[in-house]
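Remarks on the overall topology
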Amino acid sequence: MPDHVKDVYRTILERTARSLEANNMKCFIADTKEDVLPIVKELLSEGETVSCGGSMTLAETGVAELLRSGAYDFLDRTGKSPEEAEEIYRRAFFADSYLTSANAVTENGELYNVDGNSNRVAAICFGPKSVIVVAGRNKVVPTLEDAVTRVKRLAAPMNAARLGCETYCKSKGQCMSLASGSCAGMTDGCKSDARICCSFVVSAFQRIRGRIKVILVNEELGF
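**Notes on the sheet that holds strand 3 (residues 73–75)**
The strand order 1-10-7-4-2-3 describes an open sheet built from six strands, whose pairing is parallel. Only two strands of the sheet have a single neighbouring strand rather than two, namely strand 1 (26–30) and strand 3. For this sheet, the mean inter-axis angle between neighbouring strands, taken without regard to orientation, is 20°. By the bridge criterion, three bridges tie strand 2 (residues 49–52) to strand 3 in an arrangement that is parallel. Paired with threonine 49 across the two strands is aspartate 73, which belongs to strand 3. Sheet strands in contact with helix 2 (residues 36–43) are strand 1, strand 4 (97–100), strand 7 (130–136) and strand 10 (212–217), and its direction is about 170° off that of strand 10.

**As for the packing of aromatic side chains**
Inspection of the entire model under this criterion finds zero aromatic pairs. The ring of phenylalanine 28 carries lysine 26 above its face, with NZ or CZ at 5.8 Å from the centroid.

**Looking at the pairing of strand 4**
Successive residues of a regular strand alternate their side chains across the two faces of the sheet. Both faces of strand 4 are covered, namely the face carrying Ser97 and Leu99 and the face carrying Tyr98 and Thr100. Taken together, the three bridges between strand 2 and strand 4 define a ladder with parallel strand orientation. Residue pairing in the sheet places serine 51 in a bridge with tyrosine 98 of strand 4. Bridging between strand 4 and strand 7 involves four bridges; their strand directions are parallel. The partner of tyrosine 98 across the bridge, within strand 7, is valine 131.

**Examining the nonpolar core**
Within the largest apolar cluster, 20 residues are counted, with the highest numbers of intra-cluster contacts made by Val36, Val40, Leu44, Leu67, Leu99 and Ile215. Looking at this core, the element that brings in the most residues is helix 4 (residues 63–67), giving four residues. The residues contacting leucine 44, other than those within four sequence positions of it, are Val50, Leu67, Tyr72, Ser97, Leu99 and Ile132. Residues Leu13, Cys27, Ala102 and Val214 belong to the second largest nonpolar core, which totals 16 residues.

**Some points on unusual backbone geometry**
Unlike most non-glycine residues, asparagine 24 shows phi in positive territory, near 70°. Within the secondary structure, asparagine 24 sits in the loop between helix 1 (3–22) and strand 1. With a phi close to 80°, serine 118 is a non-glycine residue in the positive phi region.

**Structural notes on the environment of serine 171**
Among the structural elements, serine 171 can be located in helix 8 (residues 168–172). Taking the C-alpha atoms as reference points, serine 171 and proline 157, separated by 14 residues in sequence, lie 8.1 Å from one another. Only 3.0 Å separates the side chain of serine 171 from the backbone oxygen of tyrosine 168, close enough to count as a polar contact.

**Considering the side chain of threonine 106**
Tracing the backbone shows threonine 106 in strand 5 (residues 104–106). Excluding residues within four positions of it along the chain, threonine 106 makes contact with Thr16, Val141, Pro142, Thr143, Leu144 and Ala147.

Calculation criteria
Within each chain, residues carry numbers counting from 1 in the order of the written sequence. The model is predicted, so local features are restricted to residues of pLDDT at least 70 and side-chain atom pairs to those at 80 or more, both for listing and for counting; the totals for chains, interfaces and linings are taken over all residues. Hydrogens and water molecules were not included; the side-chain quantities draw on all heavy atoms of the structure. Strands were regarded as paired on the criterion that DSSP finds at least two bridges between them. Each helix is a run of DSSP H or I of at least 4 residues and each strand a run of E of at least 2, with the numbering of both proceeding from the N terminus. Axis definition: a line fitted to C-alpha atoms, limited for helices to the stretch in contact. Angles are taken between N-to-C directions and run from 0 to 180 degrees. Every residue pair with non-hydrogen atoms within 4.5 Å of one another is taken to be in contact. Two aromatic rings from Phe, Tyr or Trp, using only the six-membered ring of Trp, form a pair when their centres are within 6.5 Å; if the ring planes differ by under 30 degrees the pair is stacked, by over 60 it is edge-to-face, and anything between is tilted. Placement of a positive charge over a ring is assigned whenever Lys NZ or Arg CZ falls within 6 Å of the ring centre and within 35 degrees of the normal to the ring plane. In this scheme, a residue with accessible area under 20% of its type's maximum is buried, one over 50% is exposed, and one in between is partly exposed, where area comes from a 1.4 Å probe on protein chains only. Side-chain atoms within 4.5 Å are what join buried Ala, Val, Leu, Ile, Met, Phe, Trp, Tyr and Cys residues into a set we call a nonpolar core. Here a polar contact is taken to be a pair of N or O atoms separated by no more than 3.5 Å, where protein atoms must pair a possible hydrogen donor with a possible acceptor and residues adjacent in sequence count only if both atoms sit in side chains.

Structure (structure tokens):
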């Protein structure tokens, strides 16, 4: 990609970073996905208990592999039975660090996340001592309204397809609430048992300064 394009994106990320910092979230900017891992390593301590939400971004940046390296006590639900996974969801509230991506990050300094099981958004809100969010520049949007639209048009359909959830958005490529062409509310959508949009969380000003750390990456990552 031409340098001038990356420079423009860098300006947007820097503006977003200032807004996140104003909301008491510590922010870092990584020029490439390869730059993410050193930042994450600095934010973690060997032997600490860590857990994570399901995330293509963590896989693409090598963070998921790092968590499985043996350097940490990783609460990993991969390959577990539903009952075992649920127990790990609960234990994650006592983790030292919880790692995840975001469905959207606004230039106003807000994190927007939508969840099906709700374990991910719950951990972001409360429990783990530290939350580390890694988000590519494609997740950055101007406003909260744009964040809602992004999930309905991109994140939900793509994640439903990735997870094999038989929902309207998987088959049609957008949330059914957009089908009429009129403005759809944040929580409007299908009634499928496989629906992945059940809990909607906006993280704005944080009372615990620095508990949430955000790494913005000047590349497109995840959904």
